[in-house]
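Observations on the model geometry
So the chains spell out like this:
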Amino acid sequence: MFKRFKLKTQIILIIGSLSAVLLILFEALAYSISSRIIFQQVAQNSATVLEQINAITEQWFSSMETFSLSVSMDKSLGAALQQLESKEGLSQIEPINTAYERMSSYQASRPDVYQMTIYTDAMDLDSYFLQWGYRWLLSTESEQYRQIENDILSQATGIVPRHLTSYAAGLPSRLVVTYYRRLKTFPSDPDNGLLCIDIPAETLNKLLEGKGGSNDVYFILGESGQMITCDPAVDAVLKSFLEENNETLGTMGNLAGYAVLPFQGEKHIMTYSSLNRFGLRTIQLKPYDELFSSLPQLLLWMLGVGSLCFLFAIFLVILFSRRFLRPIFALIAEMNRVGSGDFHVPCFFRE
């Protein structure tokens, strides 16, 4: 015996189940594609911002390089430093005063420079001049030089990572980044000493202000992973981050890229720029969950629209099933009638 509504129910269930499966697959595919697009777009935008910051940093240090070169080529200053080599004790006062006059003039021309110092082996009067608060010329045996000597590399110029300076005559200690240069124009020239230009760390911090979201963290690293500058509010946390992810940071190479790393107990996307000419790179840490915070709302909206489409499809199935299944139901009724012994067949054709 045929069931009149069994076929109709099966068709509705099959089409409804297929539509539900397609809706779930569509949501999963939409989530995957949307998250990939968002990730790529954010990474691309972040990379653009980081390269811009890195270019500005390179330009800024290029100006410092030009400034230091002009100092190293100063003939009066060079002559005074060479005189120190042939004099001892109080006889050095005259060349020291000449060097001080030239150094103070240069420093006055750069308000963004906190302190300029030339370290030389020939300086004998550190204690005498430090009591007056002057430190434009110091010995390589001084305490100030010992604070940075481990970061002075073999090349003629370079950058000493952020460190705390100690000044004489009551001047306060200050967090600075030091740009240094050997006082010689060509490798064959005599080395008159080491010029160090102390730049306040907050000056470099201004390059990172106002970038990204409120929870984003920006900082600048040296080629060997030394902290050059960062937001002071996350200074202590960043130190632990650098220690925990030291191996990953060491594999970044020279090119830009990104990685997902832990930070403050949460996953963060670390996007980093390429190395600039001074071996510096800019890094951004963005909370991973914040990146996809708007995605659930989008998926809910898509789910609502998909559910309405699903209900409309079921309505159309019911509507059209009546039309297409009505002849089949009529045939089933006739077959049941014949099966019960009624062989009277109505005439559907006329001559």
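This text follows the structure it describes.
In short, a report on the structure. Sequence order sets the numbering: in each chain, residues are counted from 1 along the sequence as written. The predicted origin of the model limits local features to residues at a pLDDT of at least 70 and limits the giving and counting of side-chain atom pairs to 80 or more, whereas totals for whole chains, interfaces and linings rest on all residues. To get the side-chain values, all heavy atoms of the structure are used, and hydrogens and water are removed first.

1. Quick word on the environment of lysine 206
Operational definition: Starting at the N terminus, helices and strands are each numbered in turn, a helix being any DSSP run of H or I of at least four residues and a strand any DSSP run of E of at least two.
Residue position: lysine 206 is located in the loop between α6 (201–205) and β6 (217–221). Sequence separation between lysine 206 and aspartate 231 is 25 residues, and the spatial gap between their C-alpha atoms is 9.1 Å.

2. Topic: the pattern of salt bridges
What counts, and what does not: By definition here, a salt bridge exists when the distance from a side-chain nitrogen of Lys or Arg to a carboxyl oxygen of Asp or Glu is within 4 Å. We call a residue buried when its accessible area falls under 20% of the maximum for its residue type, exposed when it is over 50%, and partly exposed in between, using a 1.4 Å probe and counting protein chains only.
Throughout the structure, instances matching the rule amount to seven salt bridges. A salt bridge links glutamate 58 to arginine 277, with the nearest nitrogen and oxygen atoms 3.9 Å apart. Highlighted residues: glutamate 58 in helix α1 (residues 6–72) and arginine 277 in the loop between β9 (266–272) and β10 (281–287), separated in sequence by 219 residues. On the basis of relative accessible area, glutamate 58 is assigned to the partly exposed category, the value being 26%. In this structure, aspartate 112 engages arginine 110 in a salt bridge whose closest nitrogen and oxygen atoms are separated by 2.8 Å. The same class applies to aspartate 112 and to arginine 110, which are both buried. Ionic contacts of the salt-bridge type, sharing partners, join the residues Glu58, Glu65 and Arg277 into one network.

3. Observations regarding helix α3 (residues 93–108)
For clarity, the cut-off: Working rule for helices: expected span equals 1.5 Å times residues minus one. This arc is taken over the directions from the axis of the helix to the C-beta atoms.
The end-to-end C-alpha separation of α3 is 22 Å, in line with the 22 Å expected for 16 residues at 1.5 Å each. Of the positions making up α3, those classed as buried are Pro95, Ile96, Ala99, Tyr100, Met103, Tyr106 and Gln107. Within α3, the buried residues cover an arc of 135° as seen down the axis, which keeps them to one side. Opposite the buried face of α3, by more than 90 degrees, sit the exposed residues Glu94, Glu101 and Ala108.

4. Topic: the sheet that holds β6
Put simply, the rule reads: Pairing between two strands is assigned when DSSP locates at least 2 bridges connecting them. All axes are obtained by fitting lines to C-alpha atoms, using only the stretch in contact for helices, and the reported angles, taken between N-to-C directions, cover 0 to 180 degrees.
The five strands lie next to each other as β7-β6-β10-β9-β8, forming an open sheet whose pairing is antiparallel. Each having just a single partner strand, β7 (227–230) and β8 (257–263) make up the two edges of the open sheet. With direction set aside, neighbouring strand axes in the sheet form an average angle of 25°. Sheet analysis places β9 next to β10, joined by five bridges and oriented antiparallel. Across the sheet, tyrosine 272 pairs through a bridge with isoleucine 283, a residue of β10.

5. A short note on the nonpolar core
Using the following cut-off: Note on terminology: a nonpolar core comprises buried Ala, Val, Leu, Ile, Met, Phe, Trp, Tyr and Cys residues joined through side-chain atoms within 4.5 Å.
Core analysis: the biggest nonpolar cluster contains 39 residues, and Phe61, Met116 and Leu137 have the highest contact counts within it. If you list the elements that add at least two residues to this core, you get α1, α2 (75–86), α3, β1 (115–120), β4 (175–182), β5 (194–200) and β6. If you tally residues by element for this core, the top one is α1, at seven residues. The next biggest cluster of nonpolar side chains, apart from the first, holds 18 residues, and it includes Met227, Met252, Phe263 and Leu285.

6. Some remarks on the sheet that holds β1
Our working definition: Two residues form a contact once any of their heavy atoms are found within 4.5 Å.
Read from one edge of the open sheet, five strands run β2-β1-β5-β4-β3, paired in mixed fashion. Of all the strands in the sheet, just β2 (137–139) and β3 (157–164) have a single pairing partner and so form its edges. Neighbour to neighbour, the strand axes of the sheet diverge by 30° on average, direction disregarded. Inspection of the sheet shows β1 paired to β5 by five bridges, in the antiparallel sense. Within the sheet, the bridge partner assigned to methionine 116 lies in β5 and is isoleucine 197. Contacting β1, β2 and β5, α3 crosses the sheet at an angle of about 145° to β1.

7. A short note on the environment of phenylalanine 219
With respect to the helices and strands, the residue phenylalanine 219 is situated in strand β6. In the structure, phenylalanine 219 is positioned 66 residues away from leucine 285 in sequence and 8.8 Å away in space, judged by C-alpha atoms.

8. Overview of the pairing of β1
Taken across its six residues, β1 has six buried, putting it largely inside the fold. The alternating pattern of β1 places Gln115, Thr117 and Tyr119 and Met116, Ile118 and Thr120 on opposite faces, both of which are buried. Pairing geometry for β1 and β2, over three bridges, is parallel. Note that in β2 the partner of threonine 120 across the bridge is serine 139.

9. Structural notes on the packing of aromatic side chains
Heads up, the rule is: Stacked, tilted and edge-to-face are the three classes assigned to paired rings of Phe, Tyr and Trp, where Trp is represented by its six-membered ring and a pair needs centres within 6.5 Å; plane angles under 30 degrees give stacked, over 60 edge-to-face, the rest tilted.
Applying the stated rule across the entire model yields eight aromatic pairs. Centroid distance phenylalanine 61 to phenylalanine 278: 5.8 Å. Interplanar angle 45°. Geometry classified as tilted. You can see phenylalanine 61 sitting in helix α1 and its partner phenylalanine 278 sitting in the loop between β9 and β10, a full 217 residues away along the chain. Using a relative accessible area of 17% as the deciding quantity, one classes phenylalanine 278 as buried.

10. Details of a negative patch on the surface
Quick note on the threshold: Patches in this entry comprise residues that are over 30% relatively accessible and not in a salt bridge; like charges within 9 Å are linked, as are nonpolar side chains (Val, Leu, Ile, Met, Phe, Trp, Tyr) within 5 Å. Each accessible area is a Shrake-Rupley result for a 1.4 Å probe, and residues are judged covered by the shown protein chains and nothing else. When charges are counted, Lys and Arg are positive and Asp and Glu negative, with His and the chain ends excluded. Where a charge lies is defined by one atom per residue type, namely NZ (Lys), CZ (Arg), CG (Asp) and CD (Glu).
A contiguous patch of negative charge, built from Glu85, Asp121, Glu141 and Glu149, is present on the exposed surface. Here aspartate 121 is to be found in the loop between β1 and α4 (126–130). According to the relative accessible area criterion, aspartate 121 is exposed, its value standing at 64%.

11. Points about a nonpolar patch on the surface
A cluster of nonpolar side chains, contributed by Leu18, Val21, Leu22 and Leu25, occupies part of the molecular surface with about 380 Å² of accessible area. Topologically, valine 21 is positioned in helix α1.

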